Amino acid sequence: MKCILCKICEANAAILTEKRFAWLEAQSNSVAIMEREGDPLPVYQAYDLLKTDPAESFKQFLALAESGSIWSMATVGQLFESGTGTARDSAQAEEWLLRAYRAGSDYGLIWLGLLYQEKSQHEKAQDVFRTGVERGFEPAMFYLARCYWNSAHWPQRRDETLTLLKRGSSAGDLWAKRFLANAMMRGYFGLRLIPAGIGLLLNFAEDLAKLVEDERAAAPSEKEIRPGFFYRLAAKIVAVGRPSTTGFVVGPPSAT
């Protein structure tokens, strides 16, 4: 769904993606999941190998997942999905992501739902994202709304989709805000909301301009520190193999 500011959005896509991933990271239970690791050091070691030796990294993550590491379960699922360090295997990806999801991983939840979407199993995807919404996991609101948007039952889900996008936008989800503004402006939620959609799109443009301004004003040392583990590992996956079709991957929280 293209917007009137698409050229601006594309030019600053990296900044927008980084900020949105940082927001998602802050909302997730990544730290809590890592605290459940008996010994987190092997997870960090496997992560550090991802760029230089993805096959060995995958092997180590798989061994950790098989021994009960929830973090590694989600990572193995994503590596199977993207074909990084191993042959791409959708069935294995689903199995490991399902394990991580059932163990309470927020990233496992998102990746599993996105995998179901990719496989056109929309009802399964909706069920997964709905559990996130029900427990207050704010990023799941955008993904569930997008699920409804792409489903055959979109007209029946119109009001719920609008509510989810509004909730996500209010919570700070930049993707939800952009999607909502564009949809409202195009009249998908009724003609009466078109003016509000235009106003929201302009507000999003101001947010994006502020992000770009802040990024340019940041000192080089700050720029090195600010991107979290979430964005760094995404860059590693893209560098070493086929980019994930679900859009992102994750590494362990920085050790303190």
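The residue numbers shown here count from 1 along each chain, following its written sequence. Per-residue local features are limited, in this predicted model, to residues with pLDDT of at least 70; the limit for side-chain atom pairs, both in listing and counting, is 80 or more; totals at the level of whole chains, interfaces and linings are taken over all residues. No hydrogens and no water enter the side-chain calculation; it runs on all heavy atoms of the structure.

1. Examining the overall build of the chain
Thought 1: A run of H or I in DSSP becomes a helix once it reaches four residues, and a run of E becomes a strand once it reaches two; helices and strands are each numbered from the N terminus. Looking only at helices and strands, the chain has 15 helices and 0 strands in total.
Thought 2: Each residue's exposure class comes from its accessible area (1.4 Å probe, protein chains only) as a fraction of the maximum for that residue type: buried when under 20%, exposed when over 50%, partly exposed otherwise. Within the chain, the fraction of its 256 residues that count as buried is 50%.
Thought 3: Residue contacts are counted whenever heavy atoms from the two residues lie within 4.5 Å of one another. Taking contacts inside the chain between residues at least 6 apart in sequence as the whole, the part at least 24 apart equals 61%.
Thought 4: When the accessible surface of the chain is split by element, carbon and sulfur atoms take 54% of a total near 12,000 Å². Computed with a 1.4 Å probe, the accessible areas rest on the Shrake-Rupley method; for each residue, only the protein chains presented here act as cover.

2. Some thoughts on the packing of helix α5 (residues 54-66) against helix α6 (residues 70-82)
Thought 1: Angular values range over 0 to 180 degrees, each being the angle between N-to-C directions of two axes fitted as lines to C-alpha atoms, with helices fitted over their stretch in contact. At a minimum axis separation of 8 Å, α5 and α6 run at an interaxial angle of 135 degrees. Considered as vectors, α5 and α6 are oriented oblique to each other. Two packed elements cross with a definite hand, and for α5 against α6 that hand is left-handed. Judged by residue contacts, Phe58, Phe61, Leu62, Leu64 and Ala65 of α5 engage Ser72, Met73, Thr75, Val76, Leu79 and Phe80 from α6.
Thought 2: Gly falls in the polar group here, along with every residue not listed as nonpolar (Ala, Val, Leu, Ile, Met, Phe, Trp, Tyr, Cys, Pro) or charged (Asp, Glu, Lys, Arg). Considered class by class, the residues forming the contact of α5 with α6 number 9 nonpolar, 2 polar and no charged. Roughly parallel means an angle under 35 degrees; roughly antiparallel, over 145; roughly perpendicular, 65 to 115; everything else is oblique. Note: crossing handedness is left-handed where the near helix turns anticlockwise from the far helix by less than a right angle, and right-handed where it turns clockwise.

3. Considering unusual backbone geometry
Thought 1: In this model, serine 120 sits at a positive phi of 60 degrees, which is unusual for a non-glycine residue.
Thought 2: The topology assignment puts serine 120 in the loop between α8 (106-118) and α9 (122-134).
Thought 3: For serine 120, a relative accessible area of 53% corresponds to the exposed category.

4. A short note on helix α10 (residues 139-150)
Thought 1: A helix is expected to span 1.5 Å for every residue after the first. The terminal C-alpha atoms of α10, which comprises 12 residues, lie 18 Å apart, in line with the 16 Å expected from a rise of 1.5 Å per residue.
Thought 2: Looking at the buried positions of α10, the neighbouring elements they touch are α2 (13-27), α8, α9, α11 (158-170) and α12 (174-185).

5. Quick word on the packing of aromatic side chains
Thought 1: Stacked, edge-to-face and tilted are the three classes for Phe, Tyr and Trp ring pairs, Trp counted by its six-membered ring, which pair at centre distances within 6.5 Å; planes under 30 degrees apart are stacked, over 60 edge-to-face, the rest tilted. Under the definition given, this model contains 13 aromatic pairs.
Thought 2: Their ring planes at 70 degrees and their centres at 5.4 Å tell us that phenylalanine 142 and tyrosine 143 sit as a pair that is edge-to-face. Tyrosine 143 shares its class with phenylalanine 142; the two are buried.
Thought 3: Through successive ring pairs, a cluster of aromatic residues spans Phe21, Phe129, Phe142, Tyr143, Trp149, Trp154, Trp175, Phe179, Tyr188 and Phe189.
Thought 4: Criterion for a charge above a ring: Arg CZ or Lys NZ at most 6 Å from the ring centre, at most 35 degrees from the ring normal. Of note, arginine 99 hangs over the ring of tryptophan 96, and the distance from its end group to the ring centre comes to 4.1 Å.

6. Observations regarding the environment of glutamine 117
Thought 1: Checked against the element boundaries, glutamine 117 lands in helix α8.
Thought 2: With 29 residues separating them along the chain, glutamine 117 and arginine 146 place their C-alpha atoms 9.8 Å apart.
Thought 3: Among residues more than four places away in sequence, those in contact with glutamine 117 are His122, Ala125, Phe129, Arg146, Cys147 and Asn150.

7. Let's talk about the pattern of salt bridges
Thought 1: Salt bridges are identified by distance alone: a Lys or Arg side-chain nitrogen within 4 Å of an Asp or Glu carboxyl oxygen. A complete count under the given rule lists 9 salt bridges for this structure.
Thought 2: For glutamate 81, the salt bridge goes to arginine 88, with nearest N and O atoms at 3.1 Å.
Thought 3: Looking at glutamate 81, the relative accessible area reads 1%, which means it is buried.
Thought 4: For aspartate 106, the salt bridge goes to arginine 135, with nearest N and O atoms at 2.6 Å. Here arginine 135 lies in the loop between α9 and α10 and aspartate 106 lies in helix α8, a separation of 29 residues in the sequence.

8. Digging into the side chain of arginine 20
Thought 1: Within the secondary structure, arginine 20 is located in helix α2.
Thought 2: The class of arginine 20 is buried, set by a relative accessible area of 1%.
Thought 3: If near-sequence neighbours (up to four positions away) are discounted, arginine 20 is found in contact with Pro139, Phe142, Tyr143, Asp173, Leu174 and Trp175.

The analysis is restricted to geometry; functional conclusions fall outside its scope.
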